[in-house]
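Close look at the chain arrangement
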Number of protein chains: 2
Amino acid sequence: MVAAPSFLIADDHPMVRDALASALGQAFHGAEIVMASTLAQVQAALEREPETDALLLDLDMPGMDGLTGVALLRSEHPIVPIIVVSAAREAAVVRRAYEFGASAYIDKSAPLEEIVGTVGAVLDGEIFAPPEAEPADSFAQRAARLTPQQWRVLAFMVQGDQNKQIAHKLGVGEATVKAHVTVILRKLGVRSRTQAVIEARSLAIPVAEPVRP
Amino acid sequence: MVAAPSFLIADDHPMVRDALASALGQAFHGAEIVMASTLAQVQAALEREPETDALLLDLDMPGMDGLTGVALLRSEHPIVPIIVVSAAREAAVVRRAYEFGASAYIDKSAPLEEIVGTVGAVLDGEIFAPPEAEPADSFAQRAARLTPQQWRVLAFMVQGDQNKQIAHKLGVGEATVKAHVTVILRKLGVRSRTQAVIEARSLAIPVAEPVRP
DNA sequence: GCCACAATCAGACCAAAGTCGAAGGCCTGA
DNA sequence: TCAGGCCTTCGACTTTGGTCTGATTGTGGC
């Protein structure tokens, strides 16, 4: 157990954020707690404080696009333990979260004591491994070989951005983005940008089921 | 404003529940706060305490089935003000919530001060009417104007097919497919094939139209 | 018969996507 | 220290995507 752990709590719901913060603050005295409500803020916070002991990450957050964001953060900061916090308890999502390098998975519906316990276990170095390794050639596995910059490019592709826009947002030339896209397509085993987006999107969390009248 | 108001907080997430409870407890001193995590518990609590000043109701809760639960509670207890709390900020959901008799709608992403302010306003008897009936320009509505053949083309686009492949599968020329794509993009209000696919997939468009003989 | 529209296609044209080869930086192990 | 690998960057080139003009055919409604 770390003496005075530092947490980064990422959730766009102030309620959830505050609840987690106060729970962790009580359970881990002297803990340093940083908040974030967008993927960009998470990246900035990790840039300032790469030694963060645990990142509590909500999946349904602006810019995250489901598990794509997890993989992105993972490739940028391989050391920081990521604890995925989500309301989607579907087995597929949970399994994929682990495939992408998450250290633990917490259901938002869980009681706070359980959440605190899981966080403590992660601080102690425990990795909540998934029950079993998945069958060989999953998309997630192929995707896991992407470099940080390639993940960033893919994240923008998934949002529907064009190469020119991505180049501008990343501050590089369009030719560079194109080169990244080529490698991404090869690594994912698809033949077009559209197919890559389709597959990557299938990793995202299914949101907000439509209401029946 | 009621001197010592009584609240019923209904949410299946302990975190959200506690956060709401502590926020309301601080803002309204002496408030009586009851919790519930299922629709059945909400009904039981209202049976015991029909004079509750405000019901904060989460939509994604066991037994709720979306907004039908709101209507049910409304018919059972026409007096109790219902404040719908949800993460789904879609205009259609909000509008329907008011149609079903909700007194206010709170987004889970809103800051706690705003939530407290809204609750206070409801206690004062205010009904938060929806800001305006929005012009209803949903993607689904735009998509509804597609012709049968355009739907087929879109279905193949969503699967990641290229124009040439689509042309072959439909038994028409590539120029024809391109023409259809152009119209589809315009009707959907997007600027690229990829964006169209992203939006279409978010609606879970039924694929696999039988190919014309 | 006339009109509106769906569906088909061609040819030209520009923009976006994707491929290939290559260069420089960085780290690592021999 | 040097070789080799990997990441990132980019320019030149080819392919695909998408628009526009314009045209032909068939269908259903008024």
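Report follows, based on the coordinates. This is a predicted model, so every value here is computed, not measured.

It is worth spelling out helix H1 (residues 14-27) of chain B at this point. Compared with an ideal rise of 1.5 Å per residue, which puts 14 residues at 20 Å, H1 of chain B spans 20 Å between its outermost C-alpha atoms and is within 8% of the ideal. Those residues of H1 of chain B that fall on the buried side of the exposure criterion are Pro14, Met15, Val16, Arg17, Ala19, Leu20, Ala21, Ala23 and Leu24 of chain B.

Attention now goes to the protein's contact with DNA strand D. In the vicinity of DNA strand D, 18 residues are found, and the nearest of them are Thr147, Gly173 and Thr176 of chain A together with Thr182 and Arg193 of chain B. When the atoms of DNA strand D within 4 Å of the protein are grouped by moiety, sugar and phosphate amount to 72% of the total. Between DNA strand D and the protein, one listed contact pairs a phosphate oxygen with a side-chain N or O atom of Thr147 of chain A at 2.5 Å. Side-chain polar atom of His180 of chain A to a phosphate oxygen of DNA strand D: 3.2 Å apart, as the coordinates give it. Top element by residues in the surface near DNA strand D is helix H9 (residues 174-188) of chain B. It accounts for five residues. Along the lines of polarity and charge, the residues of the surface near DNA strand D split into five nonpolar, nine polar and four charged.

This part is about the interface of chain A and chain B. Across the boundary between the two partners, chain A contributes 33 residues, which contact 39 residues of chain B. Counting the surface lost from both chain A and chain B, the interface buries some 2800 Å², and carbon and sulfur atoms represent 63% of this. The interface formed by chain A and chain B holds zero salt bridges in total. For the pair chain A and chain B, the interface holds two residue pairs in polar contact (both at pLDDT 80 or more). Broken down by secondary-structure element, the contributors of at least two residues to the side of chain A that touches chain B are helix H1 (14-27), helix H5 (112-123), helix H7 (148-158) and helix H10 (193-201) of chain A. Taken together, the residues that form the side of chain A that touches chain B break down as 17 nonpolar, eight polar and eight charged.

The next subject is the packing of H1 of chain B against helix H5 (residues 112-123) of chain B. The angle between the axes and the distance between the axes are what describe a pair of packed helices. Residue and element names in this part refer to chain B. Orientation of H1 relative to H5, taken along the N-to-C sense of each, is 60 degrees, at an axis distance of 10 Å. Judged on the interaxial angle alone, H5 and H1 are oblique. At the point where H1 passes H5, the crossing takes the right-handed sense. In this structure, H1 contributes Leu20, Ala23, Leu24 and Ala27 to the contact, and H5 contributes Leu112, Ile115, Val116 and Val119. By residue class, the composition of the contact of H1 with H5 is eight nonpolar, no polar and no charged.

This brings us to the protein's contact with DNA strand C. Surveying the vicinity of DNA strand C reveals 17 residues, the closest of which are Thr182 and Arg193 of chain A together with Thr147, Gly173 and Thr176 of chain B. Take Asn163 of chain A: an N or O atom from its main chain is 3.1 Å from a phosphate oxygen of DNA strand C. Take Gln149 of chain B: an N or O atom from its side chain is 2.9 Å from a phosphate oxygen of DNA strand C. Secondary-structure elements contributing two or more residues to the surface near DNA strand C are helix H8 (163-170) and helix H9 (174-188) of chain A together with helix H7 (148-158) and H9 of chain B. Here the element with the most residues in the surface near DNA strand C is H9 of chain A; it accounts for four residues.

Right, let's get into the sheet that holds strand S4 (residues 82-86) of chain A. All names here are of chain A. Judged by pairing direction, the sheet is parallel, and its five strands sit side by side in the order S2-S1-S3-S4-S5 without closing on themselves. Taken across any chain shown, the strands that pair with only one partner, and hence form the sheet edges, are strand S2 (32-36) and strand S5 (104-107). On average, each strand axis in the sheet is inclined to that of its neighbour by 20 degrees, with strand direction left out of account. Summarising the sheet, S4 and S5 pair through four bridges and their orientation is parallel. What sits directly across from Ser86, in S5, is Asp107. Along the sheet face, helix H3 (residues 67-76) touches strand S3 (54-58) and S4 and points at about 165 degrees away from the line of S4. Contacts between H5 and the sheet are confined to strand S1 (6-10), S3, S4 and S5, with S5 contributing the most and set at about 170 degrees to the helix.

So, how was this worked out
- Residues numbered from 1 in each chain as written.
- Chains lettered and ligands numbered in written order.
- Predicted model: local features only at pLDDT ≥ 70, side-chain atom pairs only at ≥ 80, totals over all residues.
- Heavy atoms only, no water.
- Helix = DSSP H or I, 4+ residues; strand = E, 2+ residues; numbered from the N terminus.
- Expected span 1.5 Å × (residues − 1).
- Buried < 20%, exposed > 50% of the residue type's maximum accessible area, 1.4 Å probe, protein only.
- Near = heavy atom within 4 Å.
- Polar contact = N/O pair within 3.5 Å; in protein donor to acceptor, adjacent residues only side chain to side chain.
- Nonpolar A, V, L, I, M, F, W, Y, C, P; charged D, E, K, R; others polar.
- Contact = heavy atoms within 4.5 Å.
- Buried area = accessible area lost by both parts, 1.4 Å probe.
- Salt bridge = Lys/Arg side-chain N within 4 Å of Asp/Glu carboxyl O.
- Axes fitted to C-alpha atoms, helices over the stretch in contact; angles between N-to-C directions.
- Parallel < 35°, antiparallel > 145°, perpendicular 65-115°, else oblique.
- Left-handed = near helix turned anticlockwise from the far one by under 90°.
- Pairing = 2+ DSSP bridges.

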